[in-house]
Amino acid sequence: MTTTLRPTGPEQRGADGQRSRHYEVCVNSRPVGTVLIGTDAQFGPAVGRIRDVRIDEPDRRRGRGTVAALAAEEVLRGWGCRRIDVSIPAAAVAALQLAAALGYTERNRNMIKWVPEQPPSLPDGSEVRPMSEQEFTAWHDAGKKAYAQDWIDRGVPEDQAWATSEADHAALLPDGLRTPGAILRVLSHDGVDVGTVWISLAKSLPDGLGALDGFVLDVEVREEHRGRGHGRSLMLVAERECRAAGGDRLGLNVFAGNTPALRLYESLGYQTIRYHLSKPLI
């Protein structure tokens, strides 16, 4: 039997050059599923995405999804894509196994937590205060640089990484400290500033996470103060801010390889809900 992709309509192109197209997955011309592919809105035409693969129940576990995914890669390679990204819910175990078998590796993941009505108190000696305008300027510049470097370290070209960092920070903090829903706090311990936390209380967040009450966008402990529990304290600050705003569902993103952060989040009760995976197209 031969498994192929058959377009269901013309290729769609956006004003910014973004491309997408739907296909039927066919076995000997018989439709058994669908595939949706496109270029990435964030990283541009050099990065493709398999946005959805669905195989009808009677034809599952017969390799149809594997062939469909490989065929989608070939189409994206023909579009000039040099990398392909996929996002898979943590509950989709079979899809995660397929992605691993095809050579996709984790880039980052999304996690969520239901915040208790009364988050634990901060440790003795720890206090939190709003970030000042002067502190914001230095923090903002350092944050954009660190965020771009995170993408560069994961194989994103430097110009794309910097463009992404600039665009994301501009979208999330258009009015700086006065941005509605943006919470920026400084943690001190025994009178010494040790770290910062940035929380968004926006109700609609990217990456298909739906309506969260808050999202932890950045947690940073100064290098000389790390390993002393201040990261945990900053996460408790985020929980308190979420609850103070009337929310109870807090989300975050963590990059692959950041094992200390992942262990911290898991110890605080965060659960992975979505994996973002990547594969070079050679």
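Notes on the structure follow. Keep in mind that what you see is a predicted model, and the values were worked out from it rather than measured.

**Some details on the packing of helix H3 (residues 133–153) against helix H4 (residues 158–172)**
Taken N-terminus to C-terminus, the directions of H3 and H4 make an angle of 135 degrees; their axes are 8 Å apart at the nearest point. Between H3 and H4, the angle falls in the class oblique. At the point where H3 passes H4, the crossing takes the right-handed sense. Contact residues: His140, Gly143, Lys144, Lys145, Tyr147, Ala148, Trp151 and Ile152 in H3; Glu158, Ala161, Trp162, Thr164, Ser165, Glu166, Asp168 and His169 in H4. Here the residues of the contact of H3 with H4 sort into 6 nonpolar, 5 polar and 5 charged.

**Concerning unusual backbone geometry**
Positive phi outside glycine occurs at serine 29, with the angle close to 75 degrees. Position of serine 29 relative to the elements: it lies in the loop between strand E3 (19–27) and strand E4 (30–40). What makes serine 29 exposed here is its relative accessible area of 55%. Notably, arginine 61 is not glycine yet its phi reads approximately 60 degrees, a positive angle. Relative to the elements of secondary structure, arginine 61 occurs in the loop between strand E5 (44–55) and helix H1 (64–78).

**Observations regarding H3**
Over its 21 residues, H3 runs 30 Å from end to end, which matches the ideal 30 Å to within 8%, given 1.5 Å per residue. Taken as a whole, H3 has its buried residues at Phe136, Trp139, His140, Lys144, Ala148 and Trp151. The arc that holds every buried residue of H3, seen down its axis, measures 160 degrees, which confines them to one face. Turned more than 90 degrees away from the buried face of H3 sit Gln134, Lys145 and Asp153, all of them exposed. Looking at the packing, one finds that the buried side of H3 touches strand E7 (105–114), H4, strand E9 (182–189), strand E10 (192–200), strand E11 (214–221) and strand E12 (249–255). Glycine 155, located one to two residues past H3, shows a positive phi value of around 90 degrees.

Conventions adopted
As a convention, each chain's residues are numbered from 1 in the sequence order in which they are written. Whole-chain, interface and lining totals are the exception, using all residues; otherwise, since this is a predicted model, local features are given only for residues with pLDDT of at least 70 and side-chain atom pairs are given and counted only at 80 or more. With hydrogens and water excluded, all non-hydrogen atoms of the structure serve as input to the side-chain values. Lines fitted to the C-alpha atoms define the axes, with helices restricted to the stretch that makes contact. Angles between their N-to-C directions range from 0 to 180 degrees. Only DSSP runs of H or I with at least four residues qualify as helices, and only runs of E with at least two residues qualify as strands; both kinds are numbered from the N terminus onward. Geometric relationships in this document are graded by angle, where less than 35 degrees denotes roughly parallel, more than 145 denotes roughly antiparallel, 65 to 115 denotes roughly perpendicular, and other angles denote oblique. Definitions for this section: a left-handed crossing has its near helix turned counterclockwise from the far helix by less than a right angle. A right-handed crossing has that turn clockwise. By the convention used here, residues are in contact when the closest approach between their heavy atoms is within 4.5 Å. Side-chain classes are defined by residue name, with Ala, Val, Leu, Ile, Met, Phe, Trp, Tyr, Cys and Pro counting as nonpolar, Asp, Glu, Lys and Arg as charged, and the others, Gly among them, as polar. For every residue, the accessible area obtained with a 1.4 Å probe (protein chains only) is divided by the maximum for its type, and the residue is called buried under 20%, exposed over 50%, and partly exposed between those limits. The span one expects for a helix is its residue count, reduced by one, times 1.5 Å. The arc under discussion is defined with respect to the helix axis, by the directions toward the C-beta atoms.

From the geometry alone we can't say anything about function, so treat these as descriptive.
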